[in-house]
Number of protein chains: 2
Amino acid sequence: MSTLEGKVLVAQGGGPTAVINQSLVGAVLESRKFPQVTRVYGALHGVRGIIDEDFLDLTEATTHNLEAVGNTPSSALLSTRDKPDQAYCHKIFEVCKAHNVRYFFYIGGNDSADTCRIVNREADEAKYELRVIHVPKTIDNDLLVTDHCPGYGSAAKFVAQAFAGANLDNRAIPGVYIGVVMGRHAGFLTAASCLARMYPDDGPHLIYVPERPVVKEKLLADVKSVYDKYGRCVLAASEGIVDPRGVAIATQFTNGEMDSHGNVQLSGTGALGDLLSAWVKNNLKIKRVRADTLGYLQRSFLGCVSEVDQFEAREVGEKAAQYAIWHRLDGSVAIRRTGDYSVEYFLTPLDTVARESRGMPPEYINEAGNDVTDAFRNYIRPLVGSLPQMARIAAPEVARILKK
Amino acid sequence: MSTLEGKVLVAQGGGPTAVINQSLVGAVLESRKFPQVTRVYGALHGVRGIIDEDFLDLTEATTHNLEAVGNTPSSALLSTRDKPDQAYCHKIFEVCKAHNVRYFFYIGGNDSADTCRIVNREADEAKYELRVIHVPKTIDNDLLVTDHCPGYGSAAKFVAQAFAGANLDNRAIPGVYIGVVMGRHAGFLTAASCLARMYPDDGPHLIYVPERPVVKEKLLADVKSVYDKYGRCVLAASEGIVDPRGVAIATQFTNGEMDSHGNVQLSGTGALGDLLSAWVKNNLKIKRVRADTLGYLQRSFLGCVSEVDQFEAREVGEKAAQYAIWHRLDGSVAIRRTGDYSVEYFLTPLDTVARESRGMPPEYINEAGNDVTDAFRNYIRPLVGSLPQMARIAAPEVARILKK
């Protein structure tokens, strides 16, 4: 097979993750090995940097620098919330052509996959060979086809460590603790809080995800039941939980700010946590109720990474370069689970991943809709790996002398 | 010197920290070495567990278990918000006497030191020899006499890692990011966010602490100035920031819930962050404004510990046992900085630590009241130690072809 000589262009889109730069570094270092690759460019601020021709020449970055960048959370090439339409994608293609870009790797979610799909079609129609690979990343874990998404395992680890600590805190000073976790439509990240449990009475005792409507009275009954049993309660809720009409509970109380995709702002505000707090305080007459919104720390906290996630994010980047440059293929890199725990990578057509998303399958959520199942625990445990040590004191009680 | 035979009693009070169990384990393991110590008891739920005689016999805990407990955040003996008065302290003393407790170690903040002081006096007046040692802990770092408090370094590290990640995130998707940090009267913890900076344009760009009143118009001008310069802004604010009248800004918008010390609830609600967010949105017309309240994660997140803090927390626990059992002294264990960085421990009278607290000294805050000084950076850096690696891409820009 004759080789296709030209440049590689890499960009990162959407919300950052803790390991998104592993994918970048994997794609760049692998691309630099191929003699037909004349240069490796990085576009700043995603697709916006392409149409603005804001490129860095990553061929001249040192390997040491790139390795350090790989360990850094959040998009090193910066990001964008732009969602390109046909005309935007046409401009992307024109810039690629002008710079003799022959390989385009876009690291992002389903919107990014859709951009890849349209740009790819533009190039085909113009009979300009441009190999386009979508490299998956999202903390929401909501992409189709792939078993799971790079970025999810590390965010899930953060959530697990956050709830493990919050549970210990809540046990030391009892009350109701509510933790609001990112996830507009998919509950995968909130569900990861289940890993915080070690002893049978450990929280989170209740987990609510967007896939199952939340009935206020039912939630309050759940909290009361846990509180009556343990004298405390830790509750995990997705920011995107909906009422039985399907309306997000948080949106009923925000100012309704929309992003460029027409989505209402759910993150970066404590409103849902404070609302759930008020529900519990006002209806159950429990005095000590605290709500934390885990916020942006979930996706960017420095120094909380799942090793498996880190490796896989690196490998999907490398595979992008291999599929495009060795095999001259287009598609989205996906992960297939082959054992417990082993995976293989494969390429799936761009239109199988573009635009659409998935939520948690029903078998991962318990019947009452307030917890996860063993099936989910088996699914997530290898993606997060081991958590830092924690232990309770194992010592006998002492007989009372004054109060018998 | 004749030895004093009897039991050791240890308890933990107030808000947990990431290393509070190191102090517990240090005190317990050291106490178990002395032949005159007949048993080592741990009171559950702080002083409340003492008057209820809820004790665990820590003499029978394995060393391995205790070491694992030491690495676990949050009070392993559980905690209380009870603030004992004279009558309560008398009951504590009565229980100590009934169980032949001769050494009482209470790990906590200035309220715990005050409890130690009163119990100690009760015993003196009853001519019952009871050696009482206060072991310092607080993430607020607001105890008198000591150079710094065990628990602070680890919480400070969490804050630094949180802002390091938030800064990278804000750089990737620009806007205004507001992070609200714990600290009712002392800004030490919020000030620790300065360690997140690496490059000159890194955030947090603005740091507000309770020691200096916040004028709304001044804060908005600060944000505007940073935003105009960098196209983005990361702001760190203490939950306890006050207006020029000295009224906490957060309390003007909460439901006014008081704890048993008469303090209004500032944590466990997103209200202050949302308020500051609204200030910026409404006055500066900046669209993307996000606020996170770091909440309980700051003091309990599993797996974020400063090594120096961990060692020192262990040592103040050990020293408590040594001062009491070898030397038959009472007091509060304190840390003196002797070099850069080296420390020594000493015992300070209980009444020098009890009740009162300290804020940041003026030389740690810049003149404009919106940042810290080099003096503070030199103070805090060794307490937190090194942070996880982060790096930006170092690569040249590419010349534009279409847009010249």
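Just so we're clear, the structure is a prediction, and the values are computed from it rather than from any experiment. (Residues numbered from 1 in each chain as written. Chains lettered and ligands numbered in written order. Predicted model: local features only at pLDDT ≥ 70, side-chain atom pairs only at ≥ 80, totals over all residues. Heavy atoms only, no water.)

K.L.:
Describe in detail unusual backbone geometry, supporting the description with residues and values.
P.N.:
Backbone torsion omega between G203 of chain A and P204 of chain A reads 5 degrees, so that peptide bond is classified as cis. Considering the arrangement of structural elements, one finds P204 of chain A in the loop between α7 (188-191) and β7 (206-208). We note that N100 of chain B has phi near 50 degrees; this positive angle belongs to a residue other than glycine. Relative to the helices and strands, N100 of chain B is located in the loop between α4 (86-98) and β4 (101-108). On the accessibility criterion, N100 of chain B (29% relative accessible area) is partly exposed. The phi angle at R355 of chain B is positive, at roughly 70 degrees, despite the residue not being glycine. Within the fold, R355 of chain B resides in the loop between β11 (342-348) and α12 (374-384). The class of R355 of chain B is partly exposed, set by a relative accessible area of 42%. (Helix = DSSP H or I, 4+ residues; strand = E, 2+ residues; numbered from the N terminus. Buried < 20%, exposed > 50% of the residue type's maximum accessible area, 1.4 Å probe, protein only.)

K.L.:
Lay out the side chain of D222 of chain A in plain terms, naming residues and giving numbers.
P.N.:
Residues and elements named next belong to chain A. In this fold, D222 is placed in helix α8 (residues 216-230). A polar contact is formed between the side chain of D222 and the side chain of N370, at a distance of 3.2 Å. In contact with D222, other than residues within four places in its own chain, are L206, Y208 and N370. (Polar contact = N/O pair within 3.5 Å; in protein donor to acceptor, adjacent residues only side chain to side chain. Contact = heavy atoms within 4.5 Å.)

K.L.:
Would you mind going over the packing of helix α1 (residues 20-31) of chain A against helix α11 (residues 307-326) of chain A in detail, with residue names and values included?
P.N.:
All names here are of chain A. Running from N to C, α1 and α11 point in directions that differ by 35 degrees, and their axes come no closer than 7 Å. Regarding α1 and α11, the two cross each other, and that crossing is right-handed. Contacts from Q22, S23, V25, G26, A27, L29, E30 and S31 in α1 reach Q310, A313, R314, V316, G317, E318, A321, Q322 and I325 in α11. Among the residues making up the contact of α1 with α11, the classes are represented as seven nonpolar, seven polar and three charged. (Axes fitted to C-alpha atoms, helices over the stretch in contact; angles between N-to-C directions. Left-handed = near helix turned anticlockwise from the far one by under 90°. Nonpolar A, V, L, I, M, F, W, Y, C, P; charged D, E, K, R; others polar.)

K.L.:
Give me the lowdown on the nonpolar core, citing residues and values where you can.
P.N.:
By size, the foremost hydrophobic cluster in this structure holds 86 residues, and its most contacted members are Y152 and F376 of chain A together with Y152 and F376 of chain B. Discounting chain neighbours no more than four positions away, the residues touching F376 of chain B are Y152, F188, A191, A192, C194, M360 and Y364 of chain B. (Core = buried A, V, L, I, M, F, W, Y, C linked by side-chain atoms within 4.5 Å.)

K.L.:
How would you explain the relation of the copies chain A and chain B if you had to name every residue and give the values?
P.N.:
The two copies are related by a screw motion: chain A maps onto chain B through a turn of 180 degrees and a shift of 0.0 Å along the axis, at an RMSD of 0.0 Å. In the structure described here, the two chain copies are related by an operation that fits a two-fold rotation axis. Among all C-alpha atoms of chain A, that of G270 of chain A lies closest to the rotation axis, at 2.1 Å. Of all interface residues in chain A, 100% are interface residues in chain B too; the two copies therefore contact each other through one and the same surface. (Least-squares fit on C-alpha atoms with pLDDT ≥ 70 in both.)

K.L.:
Describe in detail the interface of chain A and chain B, supporting the description with residues and values.
P.N.:
Tallying the contact residues gives 91 residues for chain A and 91 residues for chain B. Together chain A and chain B conceal approximately 7400 Å² of surface at their shared face, both sides included; 57% is due to carbon and sulfur atoms. When the area that chain A buries against chain B is broken down by residue, the three leading residues are L302, I393 and V398 of chain A, summing to 10%. One can count six salt bridges joining chain A with chain B. (Buried area = accessible area lost by both parts, 1.4 Å probe. Salt bridge = Lys/Arg side-chain N within 4 Å of Asp/Glu carboxyl O.)

K.L.:
Describe the sheet that holds strand β4 (residues 101-108) of chain A, and please don't skip the residues or the numbers.
P.N.:
The strands making up a sheet are joined through hydrogen bonds of the backbone, oriented either antiparallel or parallel. Residues and elements named next belong to chain A. Taken together, the seven strands give an open sheet; going across it, the order is β3-β2-β1-β4-β5-β10-β11, and neighbouring strands pair in mixed fashion. The sheet terminates laterally at β3 (55-57) and β11 (342-348), the two strands that pair on one side only. Between one strand and the next, the sheet's axes are offset by a mean angle of 30 degrees, whatever the strand orientation. As paired elements, β4 and strand β5 (residues 131-136) share six bridges and run parallel to each other. Bridge pairing in β5 links F104 to V132. (Pairing = 2+ DSSP bridges.)

K.L.:
With reference to specific residues and values, describe the pairing of strand β1 (residues 6-12) of chain A.
P.N.:
All names here are of chain A. Judged by how many residues are buried, β1 sits mostly within the fold: seven of seven residues are covered. Both β1 and strand β2 (residues 37-43) contribute to a ladder of four bridges, which runs parallel. The residue bridging V8 from the neighbouring strand is V40, located in β2. The β-α-β motif built from β1, the intervening α1 and the parallel element β2 has right-handed crossover chirality. The pairing of β1 with β4 spans six bridges and is classified as parallel. Within the sheet, the bridge partner assigned to V10 lies in β4 and is F105. (Right-handed = clockwise from strand over helix to strand, strands pointing away.)

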